[in-house]
Amino acid sequence: MTSLRTDYCGLLRAADTGRVVSVCGWVDRRREHGEHLAFIDLRDHTGIVQCVVDEKHDLRSEYVVRITGTVRNRLDGTVNESLATGEIEVGDCEVEVLSVSEPPPFPLHDRVDVDENIRLRHRYVDLRRPRMQANLRLRATVNAAVRAAMERQGFVEVETPMLVASTPEGARDFVVPSRSSPGSFYALPQSPQLFKQLCMVGGIDRYYQIARCLRDEDLRADRQFEFMQLDAEASFVGQDEVFEFIGEAVRDATEAVTGNRIGDIPTMTWADAQERFGSDKPDVRFGMELTELTDVFDATEAKVFQVDCVKGIVYEGGARELGRNAIDDLTDSCKRWGAKGLAWFRVQEGATLDGALTKFMSDAELAAVPERLGAAEGDLVLIIADTRRTVNHVLGLLRLELGRPPVNEGGLDFLWITDFPLFEALDEAGNPIPAHHPFTMPHPDDLALLAERGDALLQVRSQAYDLVLNGWELGSGSVRIHRRDVQSQIFELLGIADEEANAKFGFLLEAFRFGAPPHAGFAFGLDRLVALLAGEENIREVIAYPKTQSGSDPLTNAPTPIDARHLEELGLRVLPPAT
């Protein structure tokens, strides 16, 4: 069978004038022209071309047609400069209707906002929109660039299982009941973590996979139940080598989309990120850094500042821009985020402060605050006083609220965050809670601290690292524990007995008995990277068939009840919801 088309709609140009072509696609618009002719804008994934057809053809929006005709220049004064094909049209047309269409559930022009549930219910129509076409093709470009970069660096693509044993990964598993083993369940992988480490024990040396992972956690703009990640692991490497090979993949992907190659990705320690930006995934496209003021208030008589930590930020021009109602709203937000309140001051002529708290402050404090912050006339000074953790957290959120640019502005600022804490807190029994999975190698300078107990353990740094882009965490990785003595010590600290460790991780621990090389790895979310490269605020816009924020799928109505026969085969019974 010969092809129905000779050319794509959006690729025809003036150089094709005089050629007889056949183009196929969807009717984008129809415009009457006199008594006997109509202009048809025909659309495929490459764009739109204008076709002049006989009026007798009843062509309606989204009809699928094949049009054969001669490419010709448009008449003077009718060139459409907004179209790549705007200089030409297809005339003397023969039309073949390949498929009729009911009126679409919503306009397909990107300038029209459509309710997301309607879009997802009719995703097959939504995918025809130029925005979705561009996003999914951009995604394919990123995938191809990432895969090529990893292959070029000697990585081997290995597929890992989708039906696995349940393991603690920090989120809830999706589980699959086993028909052949009633009462037992598989889990869908939250990541290929343990399997890729086994690849290192198996001598693969450099593994990668564009892996589908699933986590049963609350959804948001940058999170779905199922997601795709570049997953990589390498033997006989450390943190710096991971930064090199992951950085190369990121640089290739970014260049493939933007045409520009980013330089070396800077690093920042977790402690610096918290102190300067109040976040472990700082958006460094703008300033407004957190500034230490605790020492300024060492001898203060103002009770509000008699706390462990005082810090401030400056909102340039905020004294003129924000009225009292807006500042009250910011105060309410700070309280909702965990602060007791928000101290604010307008900066007046001569860098003097104006605010309700100035009457409780000394002259030295009134002079030191604007000087330390670098505040000028017309600025707004915002201060949080509380525990250091609360101050950093709240000011970090306030900074984003006031200064963060839209996702598609300000360029692409990649950043490595290093030296995360090994433990994030202590549980009621005094056991440390791991900040990452329990196979993360402690920082070599802090190994001695593992012999301590209590809060001293919270000072132990890990060899874990994150890649951040414009305030989004793209992914995480670490140098892994390959020494049995260190792994046993970590399990002991976490309160994991040998029996429990063997039940949860026995196959990995067993493998480590047979010669595990030093190894390290990383994984980053392709959905998030693609969204940022596409200038999208929500990863659902770069996924072909996403779930809604509530986790439902309007297209297939999933999740749905399962019929009684299947339940019986699986040995399951559905209980009524808990009240």
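Our subject is the structure listed above.
For the structure given in this document, a descriptive report is provided here. Since this is a predicted model, take the numbers as computed values, not measurements.

Considering the side chain of Gln 463
Piece 1. Mapped onto the elements, Gln 463 comes out in the loop between strand S19 (432–434) and strand S20 (464–469).
Piece 2. A distance of 3.0 Å separates the side chain of Gln 463 from the backbone oxygen of Pro 442, its partner in a polar contact.
Piece 3. In contact with Gln 463, other than residues within four places in its own chain, are Thr 440, Met 441, Pro 442, His 443, Pro 444, Gly 477, Ser 478 and Val 479.

So, the pairing of strand S14 (residues 343–348)
Piece 1. By the bridge criterion, 4 bridges tie S14 to strand S16 (residues 380–386) in an arrangement that is antiparallel. Pairing of Trp 344 across the sheet is with Leu 382, part of S16.
Piece 2. Here S14 runs beside strand S15 (residues 352–354); their pairing, made up of 3 bridges, is antiparallel. Paired with Val 347 across the bridge in S15 is Leu 353.
Piece 3. Hairpin connection of S14 to S15: 3 residues between the antiparallel strands, including Gly 350 at a positive phi of 80°.

Considering the sheet that holds strand S21 (residues 472–479)
Piece 1. Reading across the sheet, the 8 strands line up as S6-S9-S10-S22-S21-S20-S17-S11 and stay open at both edges, with mixed pairing between neighbours. A single partner strand is all that each edge strand has here, and the edge strands are strand S6 (156–157) and strand S11 (267–269).
Piece 2. Contacts from helix H3 (residues 130–152) reach S6, strand S9 (206–214), strand S10 (226–235) and strand S22 (519–525) within the one sheet, and its direction differs from that of S9 by about 150°.
Piece 3. Helix H13 (residues 526–534) rests against S9, S10, strand S17 (414–418), S20, S21 and S22 of the sheet, and its axis sits at about 140° to S21.

Description of unusual backbone geometry
Both trends apply: most residues other than glycine have a negative phi, and most peptide bonds are in trans.
Piece 1. With an omega of 0°, the peptide bond between Ala 558 and Pro 559 qualifies as cis.
Piece 2. By the element assignment, Pro 559 lies in the loop between H13 and helix H14 (564–570).
Piece 3. Not every positive phi belongs to a glycine, and Asp 205 is a case in point at roughly 75°.
Piece 4. Residue classification places Asp 205 among the partly exposed residues on the basis of a relative accessible area of 32%.
Piece 5. For Asp 419, which is not glycine, the phi dihedral falls at a positive 60°.
Piece 6. We classify Asp 419 as buried; its relative accessible area is 18%.

A look at H3
Piece 1. End to end, H3 covers 33 Å across 23 residues, agreeing with the expected 33 Å (1.5 Å per residue, within 8%).
Piece 2. Following H3 by one or two positions, Gly 154 has its phi on the positive side, about 85°.

Concerning the sheet that holds S15
Piece 1. Within the open sheet, the 5 strands sit side by side as S12-S13-S16-S14-S15. Their pairing is antiparallel. Each edge of the open sheet carries a strand with a single partner, namely strand S12 (291–292) and S15.
Piece 2. Taken strand by strand, helix H8 (residues 324–336) contacts S14 and S16, and its axis lies near 145° from that of S14.

Some points on a nonpolar patch on the surface
Piece 1. On the surface, Val 175, Phe 185 and Leu 572 cluster together to form a nonpolar patch covering roughly 250 Å² of accessible area.
Piece 2. Its place among the elements puts Val 175 in strand S7 (residues 175–177).

Rules of the game
Residues numbered from 1 in each chain as written. Predicted model: local features only at pLDDT ≥ 70, side-chain atom pairs only at ≥ 80, totals over all residues. Heavy atoms only, no water. Helix = DSSP H or I, 4+ residues; strand = E, 2+ residues; numbered from the N terminus. Polar contact = N/O pair within 3.5 Å; in protein donor to acceptor, adjacent residues only side chain to side chain. Contact = heavy atoms within 4.5 Å. Pairing = 2+ DSSP bridges. Axes fitted to C-alpha atoms, helices over the stretch in contact; angles between N-to-C directions. Buried < 20%, exposed > 50% of the residue type's maximum accessible area, 1.4 Å probe, protein only. Expected span 1.5 Å × (residues − 1). Patch = residues over 30% accessible without salt bridge, like charges linked within 9 Å, V, L, I, M, F, W, Y side chains within 5 Å. Areas by Shrake-Rupley, 256 points an atom, 1.4 Å probe, with all protein chains shown as cover. Salt bridge = Lys/Arg side-chain N within 4 Å of Asp/Glu carboxyl O.

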